[in-house]
Amino acid sequence: MVIFVLFVGTVNDDFLQLNSMSLLLSASIILFIMAIGQSFVLITSNIDVSVGSTMGLSAAVCGTLLMQGVSTWIVFLTVIAVGATIGLLNGIGVSFLKIPAIIMTLGMLGMARGAMLLYTEGMWIDGIPNSYKQLARVELMTLPLPVWVALAILLISYLLLTKTKRGRYFYAVGDNAEGAKSVGLPVRRVTLIAFMISSVSASIAGLIFVMNIGFVPNTAGSGLELQVIAAAVLGGVSLTGGVGSVVGAALGAVFFTIINQSLVYLMIPAYWTNAISGLLLLIIVIADTKFQTFIRQRAKKRVPKPSPSLKQGVNSE
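Residues numbered from 1 in each chain as written. Predicted model: local features only at pLDDT ≥ 70, side-chain atom pairs only at ≥ 80, totals over all residues. Heavy atoms only, no water.

Draft legend 1. Summary view of the overall build of the protein chain. When you go through the protein chain residue by residue, the secondary structure sums to 15 helices and two strands. Against the 2.2 N^0.38 benchmark of 20 Å for 317 residues, the protein chain shows a C-alpha radius of gyration of 22 Å, consistent with a compact globule. Buried positions account for 43% of the 317 residues belonging to the protein chain. Taking the contacts inside the protein chain whose residues are at least 6 apart along the sequence as the reference set, 76% of them involve residues at least 24 apart. Accessible area of the protein chain: about 16,700 Å², with a carbon and sulfur share of 67%. (Helix = DSSP H or I, 4+ residues; strand = E, 2+ residues; numbered from the N terminus. Rg over C-alpha atoms; globule rule 2.2 N^0.38 Å. Buried < 20%, exposed > 50% of the residue type's maximum accessible area, 1.4 Å probe, protein only. Contact = heavy atoms within 4.5 Å. Areas by Shrake-Rupley, 256 points an atom, 1.4 Å probe, with all protein chains shown as cover.)

Draft legend 2. Representation of the nonpolar core. By size, the foremost hydrophobic cluster in this structure holds 83 residues, and its most contacted members are F32, M34, I36, M55, C62, Y132 and V210. Beyond its immediate sequence surroundings of up to four residues, M34 is in contact with V51, G52, M55, S201, A202, A205, L224 and V228. (Core = buried A, V, L, I, M, F, W, Y, C linked by side-chain atoms within 4.5 Å.)

Draft legend 3. Quick look at the packing of helix α4 (residues 51-67) against helix α6 (residues 101-120). Two elements in contact, α4 and α6, have axes separated by 8 Å at closest approach and are oriented at 20 degrees. One way to sum up the angle between α4 and α6 is to call them roughly parallel. Between α4 and α6 lies a crossing of left-handed hand. Between α4, through G52, S53, T54, G56, L57, A60, V61 and T64, and α6, the contact on the second element is made entirely by L109, A112, R113, A115, M116, Y119 and T120. (Axes fitted to C-alpha atoms, helices over the stretch in contact; angles between N-to-C directions. Parallel < 35°, antiparallel > 145°, perpendicular 65-115°, else oblique. Left-handed = near helix turned anticlockwise from the far one by under 90°.)

Draft legend 4. Molecular detail of the packing of aromatic side chains. The full count for this structure, using the stated rule, is five aromatic pairs. Each ring, one from W124 and one from F215, has its centre 5.6 Å from the other, and the planes form 5 degrees; the classification is stacked. Of this pair, W124 sits in the loop between α6 and α7 (130-133) while F215 is found in the loop between α11 (187-213) and α12 (224-234), placing the two residues 91 residues apart along the sequence. For W124, a relative accessible area of 54% translates into the label exposed. Taken together through their ring pairs, the aromatic side chains of W73, F76 and Y132 make up a single cluster. The ring of Y171 is capped by R168, whose NZ or CZ atom sits 4.7 Å from the centre of that ring. (Phe/Tyr/Trp six-rings, centres within 6.5 Å; stacked < 30°, edge-to-face > 60°. Lys NZ or Arg CZ within 6 Å of the ring centre and 35° of its normal.)

Draft legend 5. Focus on unusual backbone geometry. At S45, a position not held by glycine, the phi torsion is positive, near 70 degrees. For S45, the location among the structural elements is in the loop between α3 (29-43) and α4. Among the residues examined, S45 registers a relative accessible area of 36% and is labelled partly exposed. A positive phi angle, near 60 degrees, is found at K98, a position not held by glycine. Note that K98 resides in the loop between α5 (72-95) and α6.

Draft legend 6. Highlighting the environment of S50. With respect to the secondary-structure elements, S50 resides in the loop between α3 and α4. When the C-alpha atoms of S50 and G107 are compared, they prove to be 8.0 Å apart, with 57 residues separating the residues in sequence. Dropping the residues within four chain positions of it, S50 is found in contact with N90, T105, M108 and L109. A polar side-chain atom of S50 sits 3.2 Å from a polar atom in the side chain of N90. (Polar contact = N/O pair within 3.5 Å; in protein donor to acceptor, adjacent residues only side chain to side chain.)

Draft legend 7. Examining the packing of α12 against helix α13 (residues 246-265) more closely. Interaxial distance between α12 and α13 falls to 7 Å at its minimum, and their mutual angle equals 115 degrees. For the element pair α12 and α13, the recorded crossing hand is right-handed. Along the contact surface, α12 presents Q227, A230, A231, A232 and L234, while α13 presents A249, G252, A253, F255 and F256. When the residues that make up the contact of α12 with α13 are grouped by side-chain class, the tally is eight nonpolar, two polar and no charged. (Nonpolar A, V, L, I, M, F, W, Y, C, P; charged D, E, K, R; others polar.)

Draft legend 8. Broad picture of a nonpolar patch on the surface. Taken together, the side chains of M1, L155, Y158, L159, V247 and L251 make up a nonpolar region of the molecular surface, amounting to roughly 490 Å² of accessible area. Contributions of two or more residues to the nonpolar patch are made by α8 (145-163) and α13. Counting residues per element, the nonpolar patch draws most heavily on α8, which supplies three residues. Inspection of the secondary structure assignment puts Y158 in helix α8. The exposure class assigned to Y158 is partly exposed, which follows from its relative accessible area of 34%. (Patch = residues over 30% accessible without salt bridge, like charges linked within 9 Å, V, L, I, M, F, W, Y side chains within 5 Å. Salt bridge = Lys/Arg side-chain N within 4 Å of Asp/Glu carboxyl O.)

Draft legend 9. Region of interest: the side chain of S199. As for its position among the elements, S199 is in helix α11. The contact partners of S199, leaving out residues within four places of it in the chain, are D48, T54, G83, I86, G87 and N90.

Draft legend 10. Expanded view of the confidence of the model for the protein chain. When pLDDT is averaged along the protein chain, the result is 85; 94% of the residues meet or exceed 70. Within the protein chain, α5 carries the highest mean pLDDT (94), whereas helix α15 (residues 308-316) carries the lowest (49). (pLDDT = per-residue confidence, 0-100.)

Set out below in structure tokens:
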């Protein structure tokens, strides 16, 4: 990411300006938060493609409640409850009903998108109170409030996964679900919690979306799930489960945003954006995979071989 930023900066000095970097960080917040939540699901060897629709539905609920004059705190709790409910349904379907995660969450994607359109009658939601929109402009130590929220989510998630025993369960389930079950780990409950975390993170992203944008289009969150998964994978979270970190996923979200935004500074026509972004993403992921493979091979070569006397001792025992 640093190399890429420096490369773009050599082409256009404006890209390295502090103001530009601040805008890039703010632009990545929604993807940042959702990639963290998606990491929990990917680490357990599952996938959640319903997060984009969950974010859109959450944003719609947030917008309509605010327009009706509901208290901001009640709006927060209601929207998070929407996300938790969707995550609970996904978790029950995958963990208890044994529905493949891609099928369960794909169905939930359609249900949540349909619910959003029915709820809003296909209309855009406008007229969000200024008091709510002003929250996005509150700054602490020069960083906007949404950035601090995202960093707090990252810190809590990191501590949960790396510093607690139950946090390590997610890795154990993703690495070998049957093995984890045989040693008494609550595999189904861990999987259910992972889906709930993913959906709640999408709901929080929906709250911030309304805060930043100030209105809710009827296409909010559409197609975002693919970007979220790509950002997590770009950050080193394995699609096969058991490997990755929320810090990597968060950096992947920032990097993914930088790739998209940098094309503007490189003066590349807008209709090339998707093609070039996809190509860069493939090149970076392939290069990183090859580099990690090289590192593992070097590590294996450096493992000392047991001495002949040690082998004889083991064989005699």
